[in-house]
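Secondary and tertiary structure notes
What follows is the residue order along each chain.
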Amino acid sequence: DAGITQSPRYKITETGRQVTLMCHQTWSHSYMFWYRQDLGHGLRLIYYSAAADITDKGEVPDGYVVSRSKTENFPLTLESATRSQTSVYFCASRPSGGMGDTQYFGPGTRLTVL
Amino acid sequence: AQSVTQLDSHVSVSEGTPVLLRCNYSSSYSPSLFWYVQHPNKGLQLLLKYTSAATLVKGINGFEAEFKKSETSFHLTKPSAHMSDAAEYFCVVSPMDSSYKLIFGSGTRLLVRP
């Protein structure tokens, strides 16, 4: 049972480069999420998806692009990376059930933008 | 607006002594509440959740939390700390008017002294 995986686990890039972070889940969960974790902020939602081909902005979407052509994959792209996007990125998923359903988190990707 | 406040950024206890991590929430509706744990360089793992059933919720690894509506609190406790409990703990609220949204506290780092 692979669950939810993220790749790469660590990434160093330079300002202005495009970077794509991958997220894959094996549960066929309807919802998928991208968060960033920064000191003093807990986790903040970047984008989420309720189903394939349905995405919407979260709290901090600027500078990020997502797509979801398949239920199991939810890549996050930084089109032109900036130093302020240095962070730890977590992908999560949850089933399409009622209120309060648990979100399950991947192991995270630590991104450094130089 | 919904919010969650973790009252201590750091808590230090001796091994074998009780643990208390405090969390207060603000919500217009009866929310779902969660505690997640994050060990160093790991993803977030669900400890327990409250979804309007029993007010005392038991989780994994001996942790439990009590929902107190009158105090708008959801404190996490454990009778006896173990070295392996050292981690970051997040209190999270899911408002009942949202099917997906999670609001994270800023986290409490638990240190366990030998």
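Whatever comes next refers back to the structure up there.
Residues numbered from 1 in each chain as written. Chains lettered and ligands numbered in written order. Predicted model: local features only at pLDDT ≥ 70, side-chain atom pairs only at ≥ 80, totals over all residues. Heavy atoms only, no water.

Section: the state of the cysteines
All names here are of chain A. Our working definition: The disulfide definition used here is simple: a pair of cysteine sulfur atoms within 2.5 Å. The way it works is that DSSP assigns letters per residue, a run of H or I at least four long becomes a helix, a run of E at least two long becomes a strand, and they are numbered from the N terminus.
The tally for this structure, following the rule as stated, stands at two disulfides over all chains. A disulfide bridge connects Cys-23 with Cys-91, and the sulfur atoms are separated by 1.8 Å. One disulfide, between Cys-23 and Cys-91, carries an S-S torsion of -75° and so falls in the left-handed class. Remark: Cys-91 occurs in strand S9 (residues 87–94) and Cys-23 occurs in strand S3 (residues 19–25); sequence separation between them is 68 residues.

Some words on the interface of chain B and chain A
Let me state the cut-off plainly: For this analysis, residues touch if any pair of their heavy atoms sits within 4.5 Å. Accessible surface is computed with a 1.4 Å probe, and the buried area is the amount of it that two parts give up when combined, taken over both parts together. A side-chain nitrogen of Lys or Arg and a carboxyl oxygen of Asp or Glu constitute a salt bridge if their distance falls within 4 Å. For the purposes of these results, a polar contact is taken to be a pair of N or O atoms within 3.5 Å, where, inside protein, one atom must be able to donate a hydrogen and its partner to accept one; residues adjacent in sequence count only when each atom of the pair is a side-chain atom.
Each partner contributes residues to the interface: chain B has 21 residues there, and chain A has 21 residues. Together chain B and chain A conceal approximately 1700 Å² of surface at their shared face, both sides included; 56% is due to carbon and sulfur atoms. Taken together, chain B and chain A are joined by zero salt bridges. Here chain B and chain A share three residue pairs in polar contact (both at pLDDT 80 or more) between them. Among the secondary structure elements, those contributing two or more residues to the side of chain B that touches chain A are strand S5 (32–38), strand S6 (44–50) and strand S10 (87–94) of chain B. Per-element tally for the side of chain B that touches chain A: the top contributor is S5(B), with four residues.

Focus on the pairing of strand S2 (residues 10–14) of chain B
Residues and elements named next belong to chain B. Applicable threshold: Partly exposed describes any residue whose relative accessible area lies between the buried limit of under 20% and the exposed limit of over 50%, with all areas from a 1.4 Å probe on protein chains only and scaled to the type maximum. Note: two strands are recorded as paired if DSSP finds a minimum of 2 bridges between them.
Of the two faces of S2, the one holding Val-11 and Val-13 is buried and the one holding His-10, Ser-12 and Ser-14 is not buried anywhere. Inspection of the sheet shows S2 paired to strand S12 (residues 108–113) by five bridges, in the parallel sense. By the bridge assignment for S12, Ser-12 is matched with Leu-111.

A word on the nonpolar core
Operational definition: Among buried residues, those of type Ala, Val, Leu, Ile, Met, Phe, Trp, Tyr and Cys that are joined through side-chain atoms within 4.5 Å constitute a nonpolar core.
Core analysis: the largest hydrophobic core is formed by 27 residues, its most contacted members being B:Trp35, B:Leu48, B:Phe74, B:Leu76 and B:Tyr89. Filtering out sequence-adjacent residues up to four positions away, B:Leu76 remains in contact with B:Val19, B:Leu20, B:Leu21, B:Trp35, B:Leu47, B:Leu48, B:Phe63, B:Glu64, B:Ala65 and B:Tyr89. Residues A:Cys23, A:Tyr64, A:Leu76 and A:Cys91 belong to the second largest nonpolar core, which totals 19 residues.

Looking at the sheet that holds strand S7 (residues 64–66) of chain A
Residue and element names in this part refer to chain A. Here is the rule: An axis is simply a line fitted to the C-alpha atoms; with a helix, the fit covers only the stretch in contact. Between two such axes, the angle follows the N-to-C directions and lies from 0 to 180 degrees.
Pairing is antiparallel in the open sheet, where four strands are placed in the order S1-S3-S8-S7. Pairing within the sheet leaves two strands with one partner each, and these edge strands are strand S1 (4–7) and S7. The mean angle between the axes of side-by-side strands here comes to 20°, regardless of whether they run parallel or antiparallel. Here three bridges tie S3 to strand S8 (residues 76–78), and the two strands are oriented antiparallel to one another. Along S8, the bridge assignment pairs Val-19 with Leu-78.

So, to be careful, I would describe these as geometric facts and stop short of saying anything about function.
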